[in-house]
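Chains, contacts and geometry: an overview
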Amino acid sequence: MRYHEAMKIKLEEYIREHGDNPYQAWFNGLDAQAAAKVTVAKTRLELGNTSKIEWFRGIGEFKIDWGLGYRIYLAKDGETLIILLGGSTKKGQQKAIDQAVALHDEYKARKKALATTRKGKKTWR
C-alpha cells in the first residue's frame, strides 16, 4: 500500500439477536440535515478517516462538530471492520455510551458463542 492510500473500512450495523438495530433506530429519528451529516461521517469512516474517533472503554465515539454535537458509537472488529452500535447528541452522551458498551459486550459474546458452535461441528467431505 502506498503512503497516500487510505485503508478502506467496512461498516456494519449491529443487529441484535431478536432483530433490533440500535444504530438504525437512532438514525431514523434524525432530521434531514443531521442524517446528511451522519451519512457524510460514515462515508469518511469507510474511506479510512478515523481521525475524529476517541477510543475508550472498548468503543469509539465519532464526534460530528455540528448542531447538537452528534456522536456515532462504534467498535472495531479487526483492522478493516467497524461495527456501528448507535448514536446520540452531546446531551444524551453518557446514556448512549453506556448502551454502546453493553452492545459491544453483547456483540463479542455472540461472536464467541458462534465461533465455539462452528468449532464443534464436523465437516464432511
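We now turn to the structure provided with this report. (Residues numbered from 1 in each chain as written. Predicted model: local features only at pLDDT ≥ 70, side-chain atom pairs only at ≥ 80, totals over all residues. Heavy atoms only, no water.)

**Let's talk about the packing of aromatic side chains**
Our working rule: Any Phe, Tyr or Trp ring, taking Trp's six-membered ring, that has another such ring centre within 6.5 Å forms a pair; planes under 30 degrees apart are called stacked, those over 60 apart edge-to-face, and the others tilted. Helix and strand assignments follow DSSP, with helices taken as H or I runs no shorter than four residues and strands as E runs no shorter than two, numbered in order from the N terminus. Think of it in three bands: with a 1.4 Å probe and only protein chains considered, a residue is buried below 20% of the maximum accessible area for its type, exposed above 50%, and partly exposed in between.
Considering all chains together, one arrives at 4 aromatic pairs under this definition. With a centroid separation of 6.1 Å and an interplanar angle of 20°, the aromatic rings of Y23 and F27 are classed as stacked. On the criterion of helical spacing, the pair formed by Y23 and F27 is a turn pair, its members being 4 residues apart in helix α1 (residues 22-28). Take Y23: its relative accessible area is 1%, and that puts it in the buried class.

**Focus: unusual backbone geometry**
A negative phi angle is the norm for most residues apart from glycine, just as the trans form is the norm for most peptide bonds. One non-glycine residue with positive phi stands out, namely R57, at about 50°. Looking at where R57 falls in the secondary structure, it is placed in the loop between β2 (53-56) and β3 (59-64).

**Description of the nonpolar core**
Formally: Here, the term nonpolar core denotes a set of buried Ala, Val, Leu, Ile, Met, Phe, Trp, Tyr and Cys residues that are joined through side-chain atoms within 4.5 Å. By the convention used here, residues are in contact when the closest approach between their heavy atoms is within 4.5 Å.
Judged by nonpolar contacts, the single largest core of 18 residues is most densely connected at F62, I72 and L74. Among the elements that take part in this core, helix α2 (residues 32-46) stands out by supplying 5 residues, more than any other. Beyond its immediate stretch of four places on either side in the chain, I72 contacts Y23, W26, V38, A41, G60, E61, F62, I64, L84, G86 and G87.

**Observations concerning the sheet that holds strand β1 (residues 10-13)**
Here is the rule we go by: Here a strand pair is declared whenever DSSP counts at least two bridges between the two strands. What counts as an axis is a line fitted to C-alpha atoms, over the stretch in contact for a helix, and the angles between N-to-C directions run from 0 to 180 degrees.
The 5 strands are arranged β1-β5-β4-β3-β2 in an open sheet whose pairing can be described as mixed. Two strands bound the open sheet, and with one partner strand each, they are β1 and β2. On average, each strand axis in the sheet is tilted by 35° relative to the strand beside it, whichever way the strands run. Sheet topology note: the β3/strand β4 (residues 70-76) ladder contains 5 bridges and is antiparallel. Paired with I64 across the two strands is Y70, which belongs to β4. Most of the contacts of α2 go to β3, to which it runs at about 125°, and overall it touches β1, β2, β3, β4 and β5 (81-88).

**Some remarks on the environment of K63**
Rules: Throughout this description, a polar contact denotes any pair of N or O atoms lying within 3.5 Å of each other; where both atoms belong to protein, one of them has to be capable of donating a hydrogen while the other can accept it, and for residues adjacent in sequence the pair is counted only when both atoms sit in side chains.
Checked against the element boundaries, K63 lands in strand β3. For K63, a relative accessible area of 26% corresponds to the partly exposed category. Along the sequence, K63 and L103 sit 40 residues apart, while their C-alpha atoms lie 19 Å from each other. Discounting chain neighbours no more than four positions away, the residues touching K63 are K52, E54, Y70 and R71. Within the local environment of K63, its side chain forms a polar contact with the side chain of E54, the two groups lying 3.1 Å apart.

**Points about the pairing of β5**
The buried fraction of β5 is high, at 8 of 8 residues. In the sheet, β1 pairs with β5 via 4 bridges, with the strands oriented parallel. Residue pairing for β5: L11 is matched across the bridge by I82. Of the strand pairs in this sheet, β4 and β5 are connected by 6 bridges, and their pairing is antiparallel. Following the sheet pairing, L74 is matched in β5 by L84.

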